[in-house]
Amino acid sequence: MAQDLKLYIGNRRYSSWSLRPWILMRTQDIPFECEVIPFEQTMGTAAYGGTARIREVSPTGQVPVLHHGDLVIPGSLAIIEYLAELYPQKPIWPDDLRERARARAIALEMLAGFGPLRSACGMNFGRPVAGKDLSEAVLADVRRIEEIFTDALERCDGPFLFGKSFGAADAMYAPVINRLHVYDLPRGEVTQAWMDAVMGLPAWRQWHKAALKEPWRIAAYEDL
Ligand SMILES: N[C@@H](CCC(=O)N[C@@H](CS)C(=O)NCC(=O)O)C(=O)O
């Protein structure tokens, strides 16, 4: 049934939304085909209109988008929710009702929030580690993220946000790991331990290696 899942993603170097379903599918051993659609040079500028190939496969003109037969699902969290229903036996969301509600709340908070952090510190797997001047709005996002991680990790035994399995909430926050790391953002020990656990996953290493091999560079993202 799942053999015909196809995930379309953007550049692994930059596409934080693409990383989310991709890493969840890899860590949950969900078989899928993957196509990388490179962004254009104008990406990140007002002149950008999306690429023709993205518009061909995604009604929103954005990636990630999952195709399952004739069903087309754009959007990281919608894809994750679909996978959780397609594979109810997989530990994508926590079993416990209250923990599941907490996991969904923080997943949604990521989807809808953290604009200052996202625009000032774009995900970039090729960026050398170096700090940068941060606005108060970015620092407030970083503090809120630290609070989210501390709350989740202190209520479970880790190593992941809701226990032993890398799940939907971890996937939604995975790009934050790259941002905390490459922009050398302030973080506590609990967050660092979670980052280390995720960065140790074969799926993370596979994404990272593939990102470094990509030939494409987008100036607007390299300048951050
Ligand atoms: N809310 C969407 C956001 C998707 C998104 O912004 N994707 C970016 C790449 S990371 C994109 O496709 N941008 C192309 C464009 O906006 O033209 C999700 O959760 O997947």
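Parameters and conventions
- By convention here, each chain's residues receive numbers from 1 onward along its written sequence.
- Totals for whole chains, interfaces and linings use every residue, but because this is a predicted model, local features are given only for residues with pLDDT of at least 70 and side-chain atom pairs only at 80 or more, for both listing and counting.
- The exposure scheme places C-beta atoms from the backbone and then counts, for each residue, the other C-beta atoms within 10 Å of its own, assigning buried at 20 or more, exposed at 12 or fewer, and partly exposed in between.
- For helices the rule is a DSSP run of H or I covering at least 4 residues; for strands it is a run of E covering at least 2, with both sets numbered from the N terminus onward.
- Note that the arc is defined by the directions from the helix axis to the C-beta atoms.
- We call two residues in contact if the C-beta atoms placed from their backbones are at most 7 Å apart.
- These domain limits were set by an automatic method or by a database of domain assignments.
- Each residue receives one of three labels: charged for Asp, Glu, Lys and Arg, nonpolar for Ala, Val, Leu, Ile, Met, Phe, Trp, Tyr, Cys and Pro, and polar for the others, Gly being one of them.
- In this analysis, strands are considered paired if DSSP registers two or more bridges between them.
- Simply put, an axis is a line fit to the C-alpha atoms, just over the touching stretch for a helix, and the angle between two N-to-C directions goes from 0 to 180 degrees.
- Every angle not falling under 35 degrees, over 145, or within 65 to 115 is termed oblique; those three ranges are roughly parallel, roughly antiparallel and roughly perpendicular.
- Near, as applied to residues and a molecule or strand, means the residue's backbone-placed C-beta atom lies within 6 Å of it.
- Note on convention: near helix rotated counterclockwise from far helix by under a right angle means a left-handed crossing. Clockwise means right-handed.

Every buried residue belonging to helix H3 (residues 76–86) is among Ser76, Ile79, Ile80 and Leu83, and all of these are buried. Buried residues of H3, seen end-on, are gathered within an arc of 100° and therefore sit on one face of the element. Next to the buried residues of H3 lie helix H1 (16–27), strand S3 (65–68), strand S4 (71–74) and helix H7 (168–182).

Moving on, we get to the domain arrangement of the chain. Taken domain by domain, the chain consists of domain 1 (2–90) and domain 2 (97–206). Taking only C-alpha atoms into account, the centre of domain 1 sits 20 Å from that of domain 2. Across the contact, 14 residues belong to domain 1 and 17 residues belong to domain 2. No other element matches H1, which puts 8 residues into the side of domain 1 that touches domain 2. Of the residues that constitute the side of domain 1 that touches domain 2, the class distribution is 8 nonpolar, 2 polar and 4 charged.

Turning our eyes to something else, we now look at the pairing of strand S2 (residues 33–36). Judged from the 4 bridges that link them, strand S1 (residues 5–9) and S2 form a sheet pairing that is parallel. Directly across from Leu7, in S2, lies its bridge partner Cys34.

Strand order in this open sheet of 4 strands is S2-S1-S3-S4, and the pairing throughout is mixed. Both outer strands of the open sheet, S2 and S4, are each paired with one neighbouring strand and no more. If you compare each strand with its neighbour and ignore which way they point, the axes differ by 20° on average. Packed on one face of the sheet, H3 meets S3 and S4 and runs near 130° to S4.

Turning our eyes to something else, we now look at the packing of H7 against helix H8 (residues 189–199). In the contact formed by H7 and H8, the axes pass within 10 Å of each other and the chain directions differ by 105°. Classified by the interaxial angle, the pair formed by H7 and H8 is roughly perpendicular. In contact with Asp170, Ala174, Ile177, Leu180 and His181 of H7, H8 contributes Met195, Val198 and Met199. Classifying every residue of the contact of H7 with H8 gives 6 nonpolar, 1 polar and 1 charged.

This brings us to the site of the ligand. Near the ligand you find 15 residues, and of these Ser15, Trp17, Gly50, Gln62 and Ser76 are the closest. When contributions to the shell around the ligand are tallied by element, the ones reaching two or more residues are H1 and H3. Counting residues per element, the shell around the ligand draws most heavily on H1, which supplies 3 residues. Its residues placed into classes, the shell around the ligand shows 6 nonpolar, 9 polar and no charged.

Right, let's talk about the packing of H1 against helix H9 (residues 202–213) for a bit. Two quantities define a packed helix pair, namely the angle between the axes and the distance from one axis to the other. Relative to each other, H1 and H9 sit at 135°, their axes nearing to 9 Å. Relative to H9, H1 is oriented oblique. Crossing hand, H1 versus H9: right-handed. Across from Leu19, Trp22, Ile23, Arg26 and Thr27 in H1, the residues of H9 making contact are Ala203, Trp204, Gln206 and Trp207. Of the residues in the contact of H1 with H9, the class split is 6 nonpolar, 2 polar and 1 charged.

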